[in-house]
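So the chains spell out like this:
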Amino acid sequence: MTSLWLADTAPFGPECPLPSQVDVAILGGGIAGISTALHLARAGAQVAVLEQGQVACRASGRNDGQLLLGLGEHYHRIHGQFGAEKARLLWSFLRDNHDALRSEIERSRIPCDLAQRGGLRLAETSHEWLELQQAAALLAAEGHAHTLLPASELPRWLPPARGFHGALHLHGEAIVQPVAMVRGLARAAAAAGAQIVEGASVATVHGEAGDFAVQLADGRAVRAALVVHCTSTLARELDPSRWLARAVFPFRGQVIATDVLPETIAKPFPDFAMSSNFCYEYFRMHRGRFVIGGMRWSVPGEEQGILADDTDNPAITENLLGYVREHFPSLADTAFPHVWTGIMAGTPDGLPLVGALPEAPGHHALCAFNGYGLSFAFLAGRCLAEQLVGGRSDHPALPLFVPRRLLG
Ligand SMILES: Cc1cc2nc3c(=O)[nH]c(=O)nc-3n(C[C@H](O)[C@H](O)[C@H](O)COP(=O)(O)OP(=O)(O)OC[C@H]3O[C@@H](n4cnc5c(N)ncnc54)[C@H](O)[C@@H]3O)c2cc1C
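Starting from 1, residues in each chain are numbered consecutively following that chain's sequence as written. Where local features are concerned, this predicted model is filtered to residues with pLDDT of at least 70; where side-chain atom pairs are given and counted, the filter is 80 or more; whole-chain, interface and lining totals use all residues.

**Focus: the overall build of the chain**
Here is step 1 of the chain: Only DSSP runs of H or I covering at least 4 residues are called helices, and only runs of E covering at least 2 are called strands; the numbering of each starts at the N terminus. From N to C terminus, the chain includes 11 helices and 18 strands.
Here is step 2 of the chain: Just to be clear, the radius of gyration here is over C-alpha atoms, and the globule rule we use is 2.2 Å times residues to the power 0.38. Scaling as 2.2 N^0.38, a compact globule of 408 residues should have a C-alpha radius of gyration of about 22 Å, and the chain matches this with 21 Å.
Here is step 3 of the chain: Overall, the C-alpha framework of the chain stretches about 65 × 45 × 40 Å when taken along its three principal axes.
Here is step 4 of the chain: The burial tally for the chain puts 51% of its 408 residues in the buried class. A residue is called partly exposed when the number of other C-beta atoms within 10 Å of its own lies between 12 and 20, exposed at 12 or fewer, and buried at 20 or more, with C-beta atoms placed from the backbone.

Written out as structure tokens, the structure reads:
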């Protein structure tokens, strides 16, 4: 079971021999590992990415490719959960992540279908419409570009849609083809000197800060001064302190997609990042196909704690199809032959882990994006690289992501 993006994208490329010794061993070659490697290599560190399968073969290759602002939540809820100051810091981090990512895509000429027309948060109910208006009031007060759209405006913005109660258009959101993007970043990292080794399944990490032995399942080994955990929640036992296994929990998302639609059906859909129901359902177009995910809430508990992305949940597919029939009548008779799943990592406070692990000196983490890794990981990888090379990173939002915050 593979995603459209994985099926459509050339492999990362040149086989890289396993180095015997590096400054930093990065475990996992998703967007987190690759972003960290790119910035470390550019800063002059010797770095190896050890990826069990292929670059971007797990969540980073199985998501919906939306670059979102605000954790998927409506902004007033972020204010409510974290307070005004932290909400502003979080927003600034996500905005800076997108700016940095866009610059890198341009600098490295990565062909990844970046469409920067913003995102449409649709109101599933009249209550959600009220909440979108509250979010818009805060965005206006803080000067964030947005457009509030009553239901009467929607036929102009999203002509095929029915039954939504209004929408909020966030100007800074975007969509990409995620595998093309991450593999393009990997090529940029390799060009900067990072050694990206595919088919390198890490079994254990022994030793201490300054002299770790990273042992692969096939018997090979790499020595490294520092280790960065970027395996999401897929290899939690690799942290010898087991702290990550306690702090991070797995959950699974599911996506379905059409084949290329007739132009008369596809053309009226804009290339926005789109979602409704507080971002629980999310959808977008990709080269004439309609791609939609979500409905985890409709099967309570069933998609928590799961580590398998080679199966899917037929009930979720049925519920996604019901959503499509309700909101997009022009797709009511369309087949969705592509179904895939992906594993994500969550934390109790909904924020990622960026930095040193509290109980394992020399071990660092960049993981647990709570379903929004594209929106965080590139800049977070730069911040972590700055910390590892220069001892500090200055982004004011970083203290929010320090792993030791979860100790208390
Ligand atoms: C259905 C779905 C929709 C999503 N939609 C969006 C979206 O629209 N926008 C957004 O921002 N985010 C989205 N996400 C979340 C986003 O995909 C993730 O947050 C992000 O990809 C996580 O990146 P990562 O590098 O931490 O993890 P991963 O991409 O999972 O990478 C971890 C890597 O570690 C490797 N690995 C595991 N064990 C080992 C080992 N023992 N040795 C070596 N390597 C190992 C794996 O093979 C894998 O490549 C979505 C996720 C899913 C599943």
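**Considerations on the environment of Ala48**
Here is step 1 of the chain: Looking at the secondary structure, you find Ala48 in strand E2 (residues 47–51).
Here is step 2 of the chain: We classify Ala48 as buried; it has 25 C-beta atoms within 10 Å.
Here is step 3 of the chain: When the C-alpha atoms of Ala48 and Gly342 are compared, they prove to be 25 Å apart, with 294 residues separating the residues in sequence.
Here is step 4 of the chain: Sequence-distant contacts of Ala48, that is, excluding residues within four places in its chain, are made with Pro19, Val22, Ala25, Ile26, Gln195, Val197 and Val222. Contact between residues is assigned whenever the C-beta positions, reconstructed from backbone atoms, fall within 7 Å.

**A short note on the sheet that holds strand E12 (residues 249–257)**
Here is step 1 of the chain: Taken in spatial order, the 8 strands line up as E5-E6-E4-E13-E14-E15-E12-E16 in an open sheet, and their pairing is mixed. Of all strands in the sheet, those with a lone pairing partner are strand E5 (146–150) and strand E16 (338–346), marking the two edges. Neighbour to neighbour, the strand axes of the sheet diverge by 20° on average, direction disregarded.
Here is step 2 of the chain: Criterion used throughout: strands pair if DSSP finds at least two bridges between them. Where strand E4 (residues 119–122) lies against strand E13 (residues 273–276), 4 bridges are found, and the strand directions are parallel. Among the inter-strand pairings, Leu122 is bridged to a residue of E13, identified as Ser276. All axes here are fitted lines through C-alpha atoms, helices being fitted over the stretch that makes contact, and every angle between N-to-C directions spans 0 to 180 degrees.

**Topic: the pairing of E2**
Here is step 1 of the chain: Counting buried positions along E2 gives 5 out of 5 residues, so the element sits mostly inside the fold.
Here is step 2 of the chain: By the alternation rule, side chains of E2 split into Val47, Val49 and Glu51 and Ala48 and Leu50, which are all buried.
Here is step 3 of the chain: Two elements, strand E1 (residues 21–27) and E2, share 4 bridges in a ladder whose sense is parallel. Looking at the pairing, Leu27 lines up with Leu50 of E2.
Here is step 4 of the chain: Regarding the hand of the β-α-β motif, the stretch spanning E1, helix H2 (residues 31–42) and E2 is right-handed.
Here is step 5 of the chain: Pairing geometry for E2 and strand E8 (residues 195–198), over 4 bridges, is parallel. Along E8, the bridge assignment pairs Leu50 with Val197. Handedness of a crossover is defined as follows: with both strands directed away from the viewer, a clockwise route from the first strand across the helix to the second makes it right-handed.

**Here's the deal with the packing of H2 against helix H7 (residues 178–191)**
Here is step 1 of the chain: Interaxial distance between H2 and H7 falls to 9 Å at its minimum, and their mutual angle equals 25°. By the angle between their axes, H2 is roughly parallel relative to H7. The crossing of H2 and H7 is left-handed. For the pair H2 and H7, the contacting residues are Ile31, Ile34, Ser35, Ala37, Leu38 and Ala41 in the first and Val182, Leu185, Ala186, Ala188 and Ala189 in the second. Oblique is the label for any angle not under 35 degrees, not over 145, and not in the 65 to 115 range, which are roughly parallel, roughly antiparallel and roughly perpendicular in turn. Whether a crossing is left-handed or right-handed is set by the direction in which the near helix is turned from the far one by less than a right angle, anticlockwise for left-handed and clockwise for right-handed.

**Structural notes on the site of the ligand**
Here is step 1 of the chain: Residue proximity rests on one test: whether the C-beta atom, placed from the backbone, lies within 6 Å of the molecule or strand. If you check the shell around the ligand, you find 41 residues, and the closest are Gly28, Gly30, Gly253, Gly342 and Gly373.
Here is step 2 of the chain: Per-element tally for the shell around the ligand: the top contributor is helix H11 (residues 373–390), with 4 residues.
Here is step 3 of the chain: Asp, Glu, Lys and Arg are counted as charged, while Ala, Val, Leu, Ile, Met, Phe, Trp, Tyr, Cys and Pro are counted as nonpolar; the rest, among them Gly, fall into the polar class. Among the residues making up the shell around the ligand, the classes are represented as 18 nonpolar, 19 polar and 4 charged.
Here is step 4 of the chain: What counts as a domain boundary in this text is fixed by an automatic or database domain assignment. Two domains each donate at least three residues to the shell around the ligand, and these are domain 1 (4–62 + 179–248 + 349–407) and domain 2 (115–174 + 250–346).

**Focus: unusual backbone geometry**
One can expect most non-glycine residues to show negative phi and most peptide bonds to be in trans.
Here is step 1 of the chain: Residues other than glycine seldom take positive phi values, yet Asn277 does so here, at roughly 55°.
Here is step 2 of the chain: Of note in this structure, Ala368 is not a glycine but carries a positive phi near 65°.
Here is step 3 of the chain: Residue Ala368 is classed as buried on the basis of its C-beta count, with 30 C-beta atoms lying within 10 Å.

**Here's the deal with helix H4 (residues 84–107)**
An α-helix turns once per 3.6 residues; consequently, residues spaced three or four apart project the same way.
Here is step 1 of the chain: The terminal C-alpha atoms of H4 lie 34 Å apart, and with 24 residues this matches the ideal 34 Å at 1.5 Å per residue to within 8%.
Here is step 2 of the chain: For H4, every residue scored as buried is listed here: Ala87, Leu90, Trp91, Phe93, Leu94, Asn97, His98, Leu101 and Ile105.
Here is step 3 of the chain: In this fold, the buried residues of H4 make contact with strand E3 (66–67), helix H3 (75–82), strand E7 (174–175), H7 and H11.
Here is step 4 of the chain: Positive phi appears at Arg109, one or two residues downstream of H4, with a value of about 50°. How far a helix is expected to stretch is found by multiplying one less than its residue total by 1.5 Å.

**Some remarks on the packing of H2 against H11**
Here is step 1 of the chain: Between H2 and H11, the shortest axis-to-axis distance is 8 Å and the interhelical angle comes to 40°. Relative to H11, the element H2 is oriented oblique. Relative to H11, H2 is oriented so that their crossing is right-handed. Contact with H2, carried on its side by Ile31, Ala32, Ser35, Thr36, Leu38, His39 and Leu40, involves Gly373, Leu374, Ala377, Phe378, Gly381, Arg382, Leu384, Ala385, Leu388 and Val389 of H11 and no other residues of that element.
Here is step 2 of the chain: Considering only residue class, the contact of H2 with H11 consists of 11 nonpolar, 5 polar and 1 charged.

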